[in-house]
Structure formats: C-alpha cells, structure tokens
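Tertiary structure, described
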Amino acid sequence: MSTPFTPAEVRHAVELLASRSLIRLVTEIDDNGAIPPRRLAGTLPDLSTHQLRSASDTARTHGLIRVASGAGLELTDSGTELADLYDAMARWARRHAVPAPVCEFSRRIRHVLDLLAPSLTTEHGDGLAPLSAVTGAGAAGLARPRTLLIQWLAANPQVARAFEPEPVA
C-alpha cells in the first residue's frame, strides 16, 4: 500500500501522534476502559489540566475518542487501532532498546515515528520513499510498524491534514 504524503503532512501527523498527552490518553482508555470526564485528572495525574484538555479535544477532533453516555470517554474504532499501532511501535522499540534500554512508553513511540517519517513522504517521486530511507540505530525490521502506520494514516487522513485554528472572538 502506498499513500502519498507531503513532508508537511508527515510532520503534522508525527507531531500529533507523538504527543505524550495523546499517547497517555489513548493507551489509558485502551488498557482500562472508558474514563468518566470528571475522573480524567485523577486517572492521568501526571498531565496538567491544559494537557488533558488539549489531548481530549485533539482526540475528539480527529475521531479517536467519543463521549459515551453513562460511560465517559471511550475509544472509537480508529482510536483502538491507534492504540494497537502504539503497542506495535513500542514492542519494536523495546526489542531494539531504542531510544534507550529503559525509557517512557511515549518516548519509544516518538522515536519510532521519527525513524519512520522520512520513509512516508512523496519527495522520492511517485509514491512513498523506500524503507531504506529509514536510518538510525536498529532501523532494521521496521517494515511491519511502517505498514501499520501507513494503513492507519490512509484510513485516518484527517490526522495528516493541519486544522486551522478557529478565530478567537
């Protein structure tokens, strides 16, 4: 599968998907189920109110979570697939001890996304750059995480498009 992405779209998608607060929100809901909005701060105490609001707004805007009546914030199908993608990336990163043998889950996700970003652009003619565009320690074996990422982005093109902020009244 080859879905062409511009360098700007790849940068936007990587920045959005590598957001520590978004990763924490998506994986917490995936691991433990829906979170009542009033319990969000207690469930993710390492995130500030601003980070929580930003992550939940971003996740709703991009169709990753929804508010389920009586349950709270829950993942959509796209959110569940993103959690699975995060898990696949983290497994690869742990296996290769990158970016360090011991590090936070979100750092591992960021590292893999940064490794894969050059191979997702259309700067190399028609279609995606070859996986050989991936460089760095332990870059071998990234074919599966790359394929999963490309499939996820193709199914969720809104993530690669930058949203214009609404004017403040």
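The structure contained in this document is the topic of the report that follows.

**Describing the pairing of strand E1 (residues 65-68)**
Pairing between E1 and strand E2 (residues 72-75): 4 bridges, direction antiparallel. If you follow Ile 65 over to E2, its bridge partner there is Leu 75.

**Concerning the environment of His 50**
Following the sequence through the fold, His 50 ends up in helix H4 (residues 49-61). Taking the C-alpha atoms as reference points, His 50 and Ser 21, 29 residues apart in sequence, are found 9.9 Å from one another.

**Overview of a positive patch on the surface**
A grouping of Arg 91, Arg 94, Arg 95 and Arg 144 is seen on the molecular surface, where their side chains present a positively charged patch. The element contributing the most residues to the positive patch is helix H5 (residues 77-95), with 3 residues. The residue Arg 91 is located in helix H5 in this model. Using a relative accessible area of 42% as the deciding quantity, one classes Arg 91 as partly exposed.

Thresholds applied
Residues numbered from 1 in each chain as written. Predicted model: local features only at pLDDT ≥ 70, side-chain atom pairs only at ≥ 80, totals over all residues. Heavy atoms only, no water. Pairing = 2+ DSSP bridges. Helix = DSSP H or I, 4+ residues; strand = E, 2+ residues; numbered from the N terminus. Patch = residues over 30% accessible without salt bridge, like charges linked within 9 Å, V, L, I, M, F, W, Y side chains within 5 Å. Areas by Shrake-Rupley, 256 points an atom, 1.4 Å probe, with all protein chains shown as cover. Salt bridge = Lys/Arg side-chain N within 4 Å of Asp/Glu carboxyl O. Lys, Arg positive; Asp, Glu negative; His and termini not counted. Charge placed at Lys NZ, Arg CZ, Asp CG, Glu CD. Buried < 20%, exposed > 50% of the residue type's maximum accessible area, 1.4 Å probe, protein only.

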